[in-house]
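Examination of the molecular architecture
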Amino acid sequence: KAGVTQTPRYLIKTRGQQVTLSCSPISGHRSVSWYQQTPGQGLQFLFEYFSETQRNKGNFPGRFSGRQFSNSRSEMNVSTLELGDSALYLCASSWSGGPPHEQYFGPGTRLTVT
Amino acid sequence: TQLLEQSPQFLSIQEGENLTVYCNSSSVFSSLQWYRQEPGEGPVLLVTVVTGGEVKKLKRLTFQFGDARKDSSLHITAAQTGDTGLYLCAGILPPSSGSARQLTFGSGTQLTVLP
């Protein structure tokens, strides 16, 4: 079974721009969660999508948004980029019916904002 | 302030030594997970513990969930260079918290095992 894939793996953007990151979950998984990882704050939950609906949301500003498609693939968008948005963005998928929150992470997208 | 505090933050040991990593909180968790993350990769789930006092073993790794479900520990016996990585604990809060579907991660322990 193929794992979680994320594209692109690396991205460099300028302050004020917007960016869209993509995540393809493991086949059969219907839940996709997004996390931001930084050296200072660690891993922080952004949001979770299940069956194309946002089911849970972390404490991030409205510049961070996401969506999920009917094939469970998900995208997250960050508008008006700030220097502090530089981070590793991870997505994780789960079946959402098995053991509590058994999530499988992708390799992440490394975003650098200059 | 992190909801889950991990200690130590950094640990450098020689191959063959034993070590313990701690994950502590003042909050009660429904379950707790441990992950290992290597450079350039996402975290990989090692174990999930759900019952207070539960002990799980995975080869040389022993995981324990505190009786009160507020803390956990990871013990590695006879560490190997392949154990090097960032170890993360992550908890799931009870349904009454309103945050039962999100993982709350600890700050991480960077382990380096030297040959």
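Summarised in this report is the structure supplied together with it. None of the values given here were measured: they were computed from a predicted structure. (Residues numbered from 1 in each chain as written. Chains lettered and ligands numbered in written order. Predicted model: local features only at pLDDT ≥ 70, side-chain atom pairs only at ≥ 80, totals over all residues. Heavy atoms only, no water.)

Some words on the overall build of chain A
- Across its full length, chain A holds zero helices and eleven strands.
- Each helix and strand of chain A, placed in order from N terminus to C terminus, yields the pattern β-β-β-β-β-β-β-β-β-β-β.
- Taken along the three principal axes of its C-alpha coordinates, chain A extends 40 × 25 × 25 Å.
- Buried residues in chain A amount to 50% of all 114 residues.
- Residue pairs at least 24 apart in sequence account for 54% of intrachain contacts in chain A once pairs closer than 6 positions are excluded.
- Total accessible area computed for chain A in this model is approximately 5,400 Å², and 49% of it derives from carbon and sulfur atoms.
- In chain A, the 11 positive side-chain charges and the 6 negative ones have mean positions that sit 4 Å from each other. (Helix = DSSP H or I, 4+ residues; strand = E, 2+ residues; numbered from the N terminus. Buried < 20%, exposed > 50% of the residue type's maximum accessible area, 1.4 Å probe, protein only. Contact = heavy atoms within 4.5 Å. Areas by Shrake-Rupley, 256 points an atom, 1.4 Å probe, with all protein chains shown as cover. Lys, Arg positive; Asp, Glu negative; His and termini not counted. Charge placed at Lys NZ, Arg CZ, Asp CG, Glu CD.)

Focus on the sheet that holds strand 8 (residues 74–78) of chain A
Residue and element names in this part refer to chain A.
- Overall, antiparallel pairing links the four strands, which are arranged 1-3-8-7 in an open sheet. Where the open sheet ends on each side, the last strands, each with one partner, are strand 1 (5–7) and strand 7 (64–68). In this sheet, adjacent strand axes meet at a mean angle of 20° when their direction is disregarded.
- Where strand 7 lies against strand 8, five bridges are found, and the strand directions are antiparallel. Bridging across to strand 8, Phe-64 finds its partner in Val-78. (Pairing = 2+ DSSP bridges. Axes fitted to C-alpha atoms, helices over the stretch in contact; angles between N-to-C directions.)

A closer look at the state of the cysteines
All names here are of chain A.
- Here the structure, examined in full by the defined rule, presents two disulfides over all chains.
- The residue that forms a disulfide with Cys-23 is Cys-91, at a sulfur-sulfur distance of 1.8 Å. Every disulfide takes its handedness from the sign of the S-S torsion; for Cys-23 and Cys-91 that torsion is 60°, giving right-handed. Here Cys-23 is found in strand 3 (residues 19–24), whereas its partner Cys-91 is found in strand 9 (residues 87–94), with 68 residues between them in sequence. (Disulfide = S-S within 2.5 Å.)

Remarks on the environment of Ser-31 of chain A
- Among the structural elements, Ser-31 of chain A can be located in strand 4 (residues 31–38).
- For Ser-31 of chain A, a relative accessible area of 1% corresponds to the buried category.
- Separated by 64 residues in sequence, Ser-31 of chain A and Trp-95 of chain A have C-alpha atoms that sit 6.3 Å apart.
- Beyond its immediate sequence surroundings of up to four residues, Ser-31 of chain A is in contact with Glu-48, Tyr-49, Phe-50, Arg-55, Ala-92, Ser-93, Ser-94 and Ser-96 of chain A together with Arg-101 of chain B.
- In terms of polar contacts, Ser-31 of chain A uses its side chain to reach the side chain of Glu-48 of chain A, at 2.6 Å. (Polar contact = N/O pair within 3.5 Å; in protein donor to acceptor, adjacent residues only side chain to side chain.)

Overview of the pattern of salt bridges
Residue and element names in this part refer to chain A.
- One pass over the structure, following the stated rule, counts eight salt bridges over all chains.
- Here Glu-82 and Arg-63 are joined by a salt bridge, their closest N and O atoms 3.6 Å apart. Taken together, the positions of Glu-82 in the loop between strand 8 and strand 9 and Arg-63 in the loop between strand 6 (53–57) and strand 7 put the pair 19 residues apart, joining distant regions of the chain.
- By relative accessible area, which is 42% here, Glu-82 ends up partly exposed.
- Among the residues examined, Arg-63 registers a relative accessible area of 15% and is labelled buried. (Salt bridge = Lys/Arg side-chain N within 4 Å of Asp/Glu carboxyl O.)

Digging into the nonpolar core
- By size, the foremost hydrophobic cluster in this structure holds 22 residues, and its most contacted members are Leu-19, Leu-32, Trp-34, Phe-63, Leu-74, Ile-76 and Leu-111 of chain B.
- If you list the elements that add at least two residues to this core, you get strand 3 (19–24), strand 4 (31–37), strand 5 (44–49), strand 7 (61–65), strand 8 (71–76), strand 9 (85–92) and strand 11 (109–114) of chain B.
- Ranked by size, the runner-up nonpolar core spans 21 residues in total, among them Val-19, Leu-21, Cys-23 and Cys-91 of chain A. (Core = buried A, V, L, I, M, F, W, Y, C linked by side-chain atoms within 4.5 Å.)

Here's the deal with the sheet that holds strand 7 of chain B
Residue and element names in this part refer to chain B.
- Sheet architecture is open: five strands sit in the order 1-3-8-7-6, paired in antiparallel fashion. Whereas interior strands pair on both sides, the edge strands pair on one side only; in this sheet they are strand 1 (5–7) and strand 6 (55–58). Each neighbouring strand pair of the sheet contributes to a mean axis angle of 15°, computed without reference to strand direction.
- Sheet analysis places strand 1 next to strand 3, joined by three bridges and oriented antiparallel. Looking at strand 3, one finds that Ser-7 is bridged to Tyr-22.

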